[in-house]
Amino acid sequence: MSFLYIANWKNFLLPDQELMLAQEYYDGLSNTDSNTHVVVMPSLLTVRSLAALYDTIDVSVGAQNCSAFNNGAYTGEISAQAIAQAGCNYALTGHIERRTIFGETDRFIAQKVEQLVMHNVTPILCISDTHIDSQESLYDTLKRQLELPLAIAHKYQLRELLVAYEPATAIGNGNTAAVETISEVFTLIKKLFTAAPQSTPVLLYGGSVNAKNCHQLKKIPHLGGFLIGSASTTFATFEKIVHSH
Ligand code: PGA
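Residues numbered from 1 in each chain as written. Predicted model: local features only at pLDDT ≥ 70, side-chain atom pairs only at ≥ 80, totals over all residues. Heavy atoms only, no water.

Examining the nonpolar core
It is characteristic of soluble globular proteins that their nonpolar side chains tend to be buried jointly.
Okay, step 1: Ranked by size, the top nonpolar core spans 65 residues in total, and within it Tyr 25, Ile 189, Tyr 205, Phe 226 and Phe 238 carry the most contacts.
Okay, step 2: Core analysis: the second largest hydrophobic core is formed by 13 residues, Ile 6, Tyr 90, Ala 164 and Val 202 among them. (Core = buried A, V, L, I, M, F, W, Y, C linked by side-chain atoms within 4.5 Å. Buried < 20%, exposed > 50% of the residue type's maximum accessible area, 1.4 Å probe, protein only.)

Structure, rendered in structure tokens:
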């Protein structure tokens, strides 16, 4: 599988700025080698335009969120089926900002994962090290966040499940976790996959990945890609991350 570079533009940009940045990505990434796959996640306002722009090159478009429900009377929501039709091949679920700011629970996140799987959009399950209570160990925290998504992976016989580990202390502040710590967490995540033995984890790291630290972070054993927030909103920086060895 190619190494994934997922550009999470969050809500940093306005639609016209997203379109300009998308064009820079297009110009700079048209000839990326086959071991690399870029997924751009703009706001839902521009996904259709980006999907049309990238139609002839090997860059995918993803959504940062989707509804936990099918199409229906859910004011303000956008279903997994709708984002699929808009051209999204991937979608984030369980991002820490959704868990902490918007109060999304593990059950609600699992509903989104199931909606995405049902509509052939690849879910990227984000998990973190935030506790529900002070008694919870890191292992239990990871287990709690993985339990329902793994049951869905089992139910739909998914061959792979993309899991992005993002330590809370590393997001948006320039402080990445140590390679050894991330590697230990990856080992715990792999252990938890015994609950869905037919699925292989594709392990991603997110949290302050930038042009300076990416070289070091690429040494994490079994790393399948990066989830990149603020550094992905400047193409020159994102390009350095993609091309670093
Ligand atoms: P960051 O964000 O790269 O700005 O730390 C990562 C994320 O939240 O996905």
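Remarks on the site of the ligand
Okay, step 1: Around the ligand, a shell composed of 13 residues is seen, among which Lys 10, His 95, Glu 166, Gly 172 and Ser 208 lie nearest.
Okay, step 2: With respect to the ligand, the side chain of His 95 contributes an N or O atom lying 2.7 Å from an oxygen atom.
Okay, step 3: Separating an oxygen atom of the ligand from a side-chain N or O atom of Glu 166 is a distance of 2.8 Å.
Okay, step 4: Of the residues belonging to the shell around the ligand, the class tally is four nonpolar, seven polar and two charged. (Near = heavy atom within 4 Å. Polar contact = N/O pair within 3.5 Å; in protein donor to acceptor, adjacent residues only side chain to side chain. Nonpolar A, V, L, I, M, F, W, Y, C, P; charged D, E, K, R; others polar.)

Structural notes on the pairing of strand S7 (residues 200–206)
Okay, step 1: Burial of S7 is extensive: six of the seven residues sit out of reach of the surface.
Okay, step 2: Bridge count between strand S6 (residues 160–165) and S7: six bridges; the pairing is parallel. Bridging from a neighbouring strand, Leu 162 pairs with Val 202 of S7.
Okay, step 3: Traced from S6 through helix H7 (residues 179–192) to S7, the parallel crossover comes out right-handed.
Okay, step 4: One ladder, built from four bridges, connects S7 with strand S8 (residues 223–228); its direction is parallel. (Helix = DSSP H or I, 4+ residues; strand = E, 2+ residues; numbered from the N terminus. Pairing = 2+ DSSP bridges. Right-handed = clockwise from strand over helix to strand, strands pointing away.)

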